[in-house]
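Single-letter residue listing:
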Amino acid sequence: MSEDSKPLRVVPVMVPMPAERPYSYSVPDGMAVEPGSIVRVPLGPREVSGIVWDTPTDKVDPKKLRPISHVFDCPPIDEASRRFVDWVASWTLAAPGMVARMYLRAPAAFDPEPPLEGIRWAGNEPDRMTSARQRVLELARDGMAWTRSGVARAAGVSTTVVNGLAEQGIFEEVKIPAPPVVALPDPEYATPTLSPNQRAAADELVQKVGAGFSTTLLDGVTGSGKTEVYLEAIAAAVRQGKQVLVLVPEIALTAAFLDRFHDRFGAKPAEWHSDLAPRTRERVWRQVAEGRVRVVAGARSSLFLPFQNLGLIVVDEEHDPAYKQEDRVYYSARDMAVVRGHLGKFPVVLASATPSVETQVNALQGRYSKVVLPTRFASAAMPDLRAIDMRKAPPARGGFLSPALIEEVAKTIERKEQALLFLNRRGYAPLTLCRVCGHRFQCEGCSSWLVEHRFRGKLVCHQCGHNEHRPEACPSCGTLDHLVACGPGVERIAEEIVQHFPDARTIVLSSDMGGVKRLRLEFEAVANGEADIVVGTQLVAKGHNFPNMTLVGVVDADIGLANGDPRAAERTFQLLNQVTGRAGRTGKKSLGLIQTYQPHHPVMRALVSGQAEAFYEQEIAAREREHLPPFGRLAAIVVSAATRAEAEAHARALRRVAPGSPDISVLGPAEAPLAVVAGRHRFRLLVHGERKSDIQSYLRALLAAAPKERGSIRVQVDVDPQSFL
Ligand code: ADP
Ligand code: ZN
């Protein structure tokens, strides 16, 4: 090296592509970057944004190195977040670049928000005073910066008045920093009076804040005050100047949580979910990166926000299946939240009335601490739960509601209270067939029946979204008016209810009934008593507080038990517990009625007796016996292709190259229960290992030995699968 040539600086940059490792780039003279810096780099013919990583991993001929083109003026992605990307990638087998990509979702926010153009009184007076000018100056004389429109609105004048004053040099131009997306939460704003039980629970959580990594299960029946309690842990973190993330399974619908947070802290948390307006999204991202946003309430993707100083994660309803992402990077936000806490050395709180078996076992075995709230707050009692044996009390012909349930609905609305009928099925009917030739309406691209949505007059595929008009005549035999709807969806239950209670105000709530805004309004209306009877899907089960709701009827409790999912019983128990928990939250006597053809099923018995512990013991014992999670490890490999033959052949090829192992076995391939989705044929392999087995290394070896994915073939690995379809 000659004396005057400086050594070339080389840094790795993680680009948002399916790249297995960061690529090396040179740093031009005079450019300052550090690990975590967000930069723009050339990649092939294009430019992409990426994150400067830690140590170079590949050896590139210095002559071939390309320079970083731009460093954004943005706080760097912190060390814990970078290790998090590595960890998630290694656990899920996703490319690290694809995980890093989740941190780069708001490109417009990599540059600082431009300040607002403002004005400030310069100390002069206008040559001619009018009453309008007088009003503006009365405000402006405080010497603070205003926007022109802001001071005009405050003074009740038009902006031409302000502009007129500005022309006379009454103001100086100033820059006003972009305003915060949410105000700062004040931990002393409205401190609650907790019951002794709640106090003890809150103290235990508060103690953990600032004391390194821990995971705590906050286990309390619906309405016991879990939210109230974890808000105190959040207050403690905010007092310590930390950022907090609250993960909620259905953020778009949890307006009530935002309001409660506001009541406690005098400000709302920032929201993060896919439904945010792009501009809001960018501002939240930026202000999280700058540490200006202290508390985020968000969907699972908020784990990948650029926090600078994260000090607590709360996962509310930790058992909820919505925490599993099954798209590109297959990850469990609940499990990854714990990893994030470990890497960031801060506590994680998992809250639920019906914790997942995995979390229960972690608590039993001492990996997680457990804090319990055994009773509802104050005078509120749990609903009285009863099973309706549908074999003994069947519905009237053509109906789905047992006379016993209808009678209770009648009594409830007579008392001017609200009833909820729950059925986890959108639309009118899950299957339509022709009475003459037996033709069944199936999706062209999927192996699933088309669901009739009568309000919209459509037949809809719930897999791929395909929809078509419901014809008058059978497309197969041409017979008119002989199509029948088989089985109920919420719309059909609502129809039955209206027949029985034509004067009651009945409302259907399901996720296909409108956007987030509309649904939020509907929930508010229900909470305000503007409906007598609500017919809803699982959307209504989650976290809502309907003060006047005293009856919950489960239309078909058996629906989720039939599929081959190892978590079927657990899921059914959780969902039904949660939905019946909507009743009686404010102290009124309440009732939950569960329509079932299997009243002796362990799930129904556990629900009715309130003996959750016995149910969990059985579930845990069964999982242990069968070496299922958390006593064993599972991963799914889904092979899909344009034709069945290609998918099957490739799945078989994977099976053939599967290495032998003393503690890991491969099951399948088998055609997936959802054999075709959006025109792609699917085969599944299931990899099953002992608890301590290194399933990731095994999968890597298997995939490395696999034949190339030719043509339309795709292989998707799902570690810790939640779905078996
Ligand atoms: P969970 O999260 O366990 O379902 P919540 O925190 O939502 O329970 O509490 C249920 C209801 O009881 C809410 O309306 C809440 O405001 C009220 N509540 C719980 N604890 C208290 C308390 N200490 N003081 C006042 N209200 C409370
Ligand atoms: Zn379809």
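Being a predicted model, the structure only gives us computed values, none of them experimental.

1. A word on the overall build of the chain
Within the chain, the regular secondary structure consists of 19 helices and 31 strands. Since a compact globule built from 725 residues should have a radius of gyration of about 27 Å, the 29 Å found for the chain is in line with a globular shape. Reported as C-alpha extents along the three principal axes, the dimensions of the chain are approximately 85 × 75 × 60 Å. Relative to its 725 residues, the chain shows a buried fraction of 53%. Considering only contacts within the chain whose residues lie at least 6 apart along the sequence, 74% involve residues at least 24 apart. Surface summary for the chain: the accessible area is close to 32000 Å², and the carbon and sulfur share equals 52%.

2. Considering the sheet that holds strand 2 (residues 23–26)
Here we have five strands laid out as an open sheet, ordered 2-1-4-3-5, and antiparallel in their pairing. Looking at the sheet topology across the chains shown, the edges are occupied by strand 2 and strand 5 (70–71). Direction of pairing for strand 3 (residues 38–43) relative to strand 4 (residues 46–52): antiparallel, over a ladder of six bridges. Residue pairing across strands places Pro 42 opposite Glu 47, the latter belonging to strand 4.

3. Some words on the site of ligand 1
Close contacts around ligand 1 come from 15 residues, with Thr 193, Gly 223, Lys 226, Thr 227 and Arg 260 the closest. Thr 193 has a polar backbone atom sitting 2.8 Å from a nitrogen atom of ligand 1. Between ligand 1 and Gly 223 there is a distance of 2.8 Å, counted from an oxygen atom to a backbone nitrogen or oxygen. In the complex, 79% of the free accessible area of ligand 1, which totals 550 Å², lies under the protein chains. Here the shell around ligand 1 is composed, by residue class, of three nonpolar, eight polar and four charged.

4. Some thoughts on the packing of helix 3 (residues 131–140) against helix 4 (residues 148–155)
The angle between the axes and the distance between the axes are what describe a pair of packed helices. Between helix 3 and helix 4, whose axes approach to 9 Å, the crossing angle comes to 115°. When the axis of helix 3 is compared with that of helix 4, the two are roughly perpendicular. For the crossing formed where helix 3 meets helix 4, the hand is right-handed. When helix 3 is examined against helix 4, the residues Arg 135, Val 136 and Leu 139 are found in contact with a partner set consisting of Val 151, Ala 154 and Ala 155. Counted by class, the contact of helix 3 with helix 4 contains five nonpolar, no polar and one charged residues.

5. Comments concerning helix 3
Regarding helix 3, the residues found buried are Ala 132, Arg 133, Val 136, Leu 137 and Ala 140. For helix 3, the arc enclosing every buried residue in end-on projection is 130°, short of the 170-degree limit, so these residues lie on one face. Counted as exposed and oriented over 90 degrees from the buried face of helix 3: Ser 131 and Glu 138.

6. Brief notes about the domain arrangement of the chain
Entries for the chain in the domain assignment read domain 1 (3–104), domain 2 (116–176), domain 3 (196–376), domain 4 (380–425 + 489–621), domain 5 (427–487) and domain 6 (632–719). The gap between the C-alpha centroids of domain 5 and domain 6 is 33 Å. Taken together, the contacts link five residues of domain 5 with eight residues of domain 6. In total, about 430 Å² of surface goes out of reach between domain 5 and domain 6, with carbon and sulfur atoms giving 56% of it. Among the residues of domain 5 in contact with domain 6, Gly 445, Ser 447 and Gln 463 are the three that bury the most area, contributing 78% of the side total. Here domain 5 and domain 6 share zero salt bridges between them. Seen at the junction of domain 5 and domain 6, the total is four residue pairs in polar contact (both at pLDDT 80 or more). The class makeup of the residues in the side of domain 5 that touches domain 6 is two nonpolar, three polar and no charged.

7. Some thoughts on the coordination of the zinc ion (ligand 2)
Coordination of the zinc ion (ligand 2) by the protein comes from Cys 443 (SG), Cys 446 (SG), Cys 461 (SG) and Cys 464 (SG), over a distance range of 2.2 to 2.3 Å. Counting gaps between the donor residues of the zinc ion (ligand 2) yields the pattern C-x2-C-x14-C-x2-C.

8. Things to note about the sheet that holds strand 9 (residues 243–247)
Note on sheets: strands pair through backbone hydrogen bonds, and any given pair is parallel or antiparallel. Taken in spatial order, the seven strands of this open sheet run 10-11-9-12-15-8-16, and their pairing is parallel. Edge positions in the sheet fall to strand 10 (270–272) and strand 16 (369–373), since each of these pairs with one other strand and no more. Taking the axes of each pair of neighbouring strands and ignoring which way they run, one obtains an average angle of 20° across the sheet. Relative to strand 15 (residues 347–352), strand 12 (residues 310–316) runs parallel, the two sharing four bridges. Residue pairing for strand 15: Val 314 is matched across the bridge by Val 349. Docked against the sheet, helix 11 (residues 357–364) engages strand 8 (214–220), strand 15 and strand 16, running at close to 115° with respect to strand 8.

Cut-offs applied
- Residues numbered from 1 in each chain as written.
- Chains lettered and ligands numbered in written order.
- Predicted model: local features only at pLDDT ≥ 70, side-chain atom pairs only at ≥ 80, totals over all residues.
- Heavy atoms only, no water.
- Helix = DSSP H or I, 4+ residues; strand = E, 2+ residues; numbered from the N terminus.
- Rg over C-alpha atoms; globule rule 2.2 N^0.38 Å.
- Buried < 20%, exposed > 50% of the residue type's maximum accessible area, 1.4 Å probe, protein only.
- Contact = heavy atoms within 4.5 Å.
- Areas by Shrake-Rupley, 256 points an atom, 1.4 Å probe, with all protein chains shown as cover.
- Pairing = 2+ DSSP bridges.
- Near = heavy atom within 4 Å.
- Polar contact = N/O pair within 3.5 Å; in protein donor to acceptor, adjacent residues only side chain to side chain.
- Nonpolar A, V, L, I, M, F, W, Y, C, P; charged D, E, K, R; others polar.
- Axes fitted to C-alpha atoms, helices over the stretch in contact; angles between N-to-C directions.
- Parallel < 35°, antiparallel > 145°, perpendicular 65-115°, else oblique.
- Left-handed = near helix turned anticlockwise from the far one by under 90°.
- Arc of directions from axis to C-beta.
- Domains from an automatic or database assignment.
- Buried area = accessible area lost by both parts, 1.4 Å probe.
- Salt bridge = Lys/Arg side-chain N within 4 Å of Asp/Glu carboxyl O.
- Donors = N, O, S within 2.8 Å, 3.2 Å for Na, K, Ca; no water.

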